[in-house]
Structure formats: structure tokens, C-alpha cells
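# Chain and residue survey
Listed below are the residues making up each chain.
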Amino acid sequence: MRIARFSIDGNVAFGAVEGDGNTGSGDLVLDIIKGIPYTDFELSGTKVPLSKVRLLPPVLPNKVVGIGRNYAEHAAELGNEVPDVPVAFFKPTTSVTGPGDAIEYPSFSSELHHEAELAVVIGRMCREVPRERVKDVIFGYTCANDVTARDVQRREKQWARAKGFDTSCPLGPWVETDLDPSDLAIQCTVNGQQRQLGRTSDMVRSIEDLIVHVSEAMTLLPGDVILTGTPAGVGPLNVGDEVAVTIEGIGTLTNKVVKRG
């Protein structure tokens, strides 16, 4: 099931996406969900065309935990070794933005990069999750763009500003709850030109590894997001560019880069 979060007439709701296609076009409709989707829920039967609503970030996470250098070719393209243990970092909630929203080019950077990623959405409160229970705590999967101020990342070493600035974490267009994430194609295009193309099967560490590792240290809450790393091909974004992240079985997340005003 595809679960979207949207606004219509000043109201915010969740809805189940119905219809063919996975890019947010055509005859897709939303069946409004009663309540929140992390527990047992009912569909209201009230349906609205997707074209009549504004899609929002599909979740409002308490935290976004990113994983660095989880694809060997990406680590190599930036001159890094694959780390012995997963490298985790945070992106604050203020970095989260939705499909169609602008990515604001930060004033303190002159080298902005795209990073297409599969995002895992947590569905229940959990801590110290055993490997055999990982699937029980996953709500679903969505597209993410771990937008990074690469020059700041190099200069400051620590990644808080480089990866945590406002609008640096586009998510969407919705959460797919019924998906095998083990071997999905991930693509990033800029102005229609392909930049990244990889598969989740190329991850150094699996989703199970990552959730076990992260949950050893912290409690994960419903709606929290784990970014699983980016394949090779990261590159520059400029003001005016349109960047799109497409993941097989989920859909396409599109955002435009604008000057921070």
C-alpha cells in the first residue's frame, strides 16, 4: 500500500494512494485514512484526486538518521575507504521537505551535491531490535535526497551543517508499505540527465544491519527515518536545477533548487 500525507483546503491528512502509475500523475486518487497509519487504521471511503491536493513529506520524523559510505563505489569516488562500522549522522526535522518543494541553496556553500537514497520509515517504538525482528518495526520505504554541502563537509569534517541545513532532506512522494527492498534500482536525474544509477543490492550493509546498529544506541519512534546511503555518481546542483530521485517500486521524488532568500 502507498501511504501519502497531504493537505487540502487547509487540512492535513493521510491517504492510501489508489490507481496505476507511480509518479503522481494520471488518475491517482487518495482514500483518506481515519487516524494515523502507524496503527491499525480504516479507510474512510472519502476519495480525492491526487491532482487536487498538495503532497507533503510522507512522515514527520522525530529524527532522521543518515548512514554514510554504505556503497563502496560512492566511498571510492570521494576518496574514502568503506568504514569498519556504519557511519551514522543526524539530519534535523527542520531539514525535511516534501515532493515538489524547493531545495534552498545554502548561503554558506558553493558546492551542493545530490545523493539519491532509499529511506526506511519506522512503524513502531523500538530499541535494541534483534535481527529476526527488524521487519516487524518497519512501516515502509520512500525516496530521499540526502542533499549535501560538499565543500562544508570537507572543511568542517563533522557533518552537522553540511547535511543538516534547512530543506536538505526531501522525502516522498509517499511511503510504500509492501516492498522487498533487497534489490531495487535507484536513479537520480538532474534536468532529465541521469547522474546516479545503482541498486540496493550493492549496499555494504543491509537494512537489517543498519536498524540493528542504530537501535543499539537509541530508541526509534514511529515515523523516524533511516537513510541507507547513496550509490556512486553524486554531483553538483545549481540554482534552477530540477533533481529527481526514482526508486523502483516506490516512485519519483522531484524538487527544484532555488536561491535561499
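Residues numbered from 1 in each chain as written. Predicted model: local features only at pLDDT ≥ 70, side-chain atom pairs only at ≥ 80, totals over all residues. Heavy atoms only, no water.

### Notes on the overall build of the chain
Helix and strand counts for the chain stand at five helices and 20 strands. Relative to the compact-globule value of 18 Å for 261 residues, the chain shows a C-alpha radius of gyration of 17 Å, a close match. Projected onto the principal axes, the alpha-carbon positions of the chain cover approximately 55 × 45 × 30 Å. Going through the 261 residues of the chain one by one, you find that 52% of them count as buried. Relative to all contacts within the chain whose residues are 6 or more apart in sequence, the contacts with residues 24 or more apart total 71%. With the model as given, the accessible surface of the chain reaches about 11500 Å², and the carbon-plus-sulfur share is 47%. If you average the places of the 26 positive and of the 35 negative side-chain charges in the chain, the two averages end up 6 Å apart. (Helix = DSSP H or I, 4+ residues; strand = E, 2+ residues; numbered from the N terminus. Rg over C-alpha atoms; globule rule 2.2 N^0.38 Å. Buried < 20%, exposed > 50% of the residue type's maximum accessible area, 1.4 Å probe, protein only. Contact = heavy atoms within 4.5 Å. Areas by Shrake-Rupley, 256 points an atom, 1.4 Å probe, with all protein chains shown as cover. Lys, Arg positive; Asp, Glu negative; His and termini not counted. Charge placed at Lys NZ, Arg CZ, Asp CG, Glu CD.)

### Looking at the environment of T200
Counting through the fold element by element, T200 comes out in the loop between β16 (193–199) and α5 (207–217). Along the chain, T200 and N11 lie 189 residues apart, while their C-alpha atoms are 36 Å from each other. At a separation of 2.7 Å, a polar atom in the side chain of T200 contacts the main-chain amide nitrogen of L184. (Polar contact = N/O pair within 3.5 Å; in protein donor to acceptor, adjacent residues only side chain to side chain.)

### Looking at the sheet that holds strand β15 (residues 185–190)
What holds strands together in a sheet is hydrogen bonding between their backbones, with the strands either parallel or antiparallel. The five strands are arranged β9-β20-β19-β15-β16 in an open sheet whose pairing can be described as mixed. Looking along the sheet, the strands with just one partner apiece sit at the ends: β9 (102–105) and β16. Here the strands of the sheet are splayed against their neighbours by 20 degrees on average, with no regard to which way each runs. In the sheet, β15 pairs with strand β19 (residues 242–247) via five bridges, with the strands oriented antiparallel. Across the sheet, the residue bridging to C188 is V245, located in β19. (Pairing = 2+ DSSP bridges. Axes fitted to C-alpha atoms, helices over the stretch in contact; angles between N-to-C directions.)

### Let's talk about the nonpolar core
In terms of nonpolar packing, the biggest core is built from 51 residues, with L30, L112, L118, W174, I211, I226 and I247 touching the most fellow members. The greatest single-element share of this core, amounting to five residues, is contributed by α5. Listed in part, the 16 residues of the second largest apolar core include V59, V121, F139 and V175. (Core = buried A, V, L, I, M, F, W, Y, C linked by side-chain atoms within 4.5 Å.)

### Let's talk about the sheet that holds strand β18 (residues 235–237)
Ordered by their spatial adjacency, three strands build an open sheet running β13-β10-β18, and the pairing between neighbours is antiparallel. If you trace the sheet from one side to the other, it starts and ends with β13 (148–149) and β18, each paired once. Bridge analysis of strand β10 (residues 112–114) against β13 gives two bridges, and the strand direction is antiparallel. Counted as the bridge partner of H113 is T148 from β13.

### So, the environment of Q158
Along the chain, Q158 turns up in the loop between α3 (150–156) and α4 (160–164). Between the alpha carbons of Q158 and P99 there is a distance of 28 Å; along the sequence they are 59 residues apart. Of note is the side chain of Q158, whose polar atom sits 2.5 Å from the backbone nitrogen of A160.

### Regarding the packing of aromatic side chains
Enumeration according to the criterion identifies three aromatic pairs in this entry. Ring centres 5.1 Å apart and planes at 70 degrees place the aromatic pair Y38 and F139 in the edge-to-face group. Pair noted here: Y38 is in the loop between β3 (29–34) and β4 (42–49) and F139 is in strand β12 (residues 138–145), with a separation of 101 residues, a long-range link. Taking relative accessible area as the criterion, F139 reaches 12% and is therefore assigned buried. Residue placement shows R161 over the ring face of F108; its charged tip is 4.5 Å from the ring centre. Across the ring face of W159, the terminal group of K163 is positioned such that the distance to the ring centre comes to 5.7 Å. (Phe/Tyr/Trp six-rings, centres within 6.5 Å; stacked < 30°, edge-to-face > 60°. Lys NZ or Arg CZ within 6 Å of the ring centre and 35° of its normal.)

### Thoughts on unusual backbone geometry
P173 follows G172 through a cis peptide bond whose omega is 5 degrees. Turning to its location among the elements, P173 is positioned in strand β14 (residues 169–176). Backbone geometry places K157, a non-glycine residue, at a positive phi of 70 degrees. Summarising the element assignment, K157 is placed in the loop between α3 and α4. By relative accessible area, K157 is classed as exposed at 64%. Although it is not a glycine, N191 adopts a positive phi angle of roughly 55 degrees. Within the secondary structure, N191 is located in the loop between β15 and β16.

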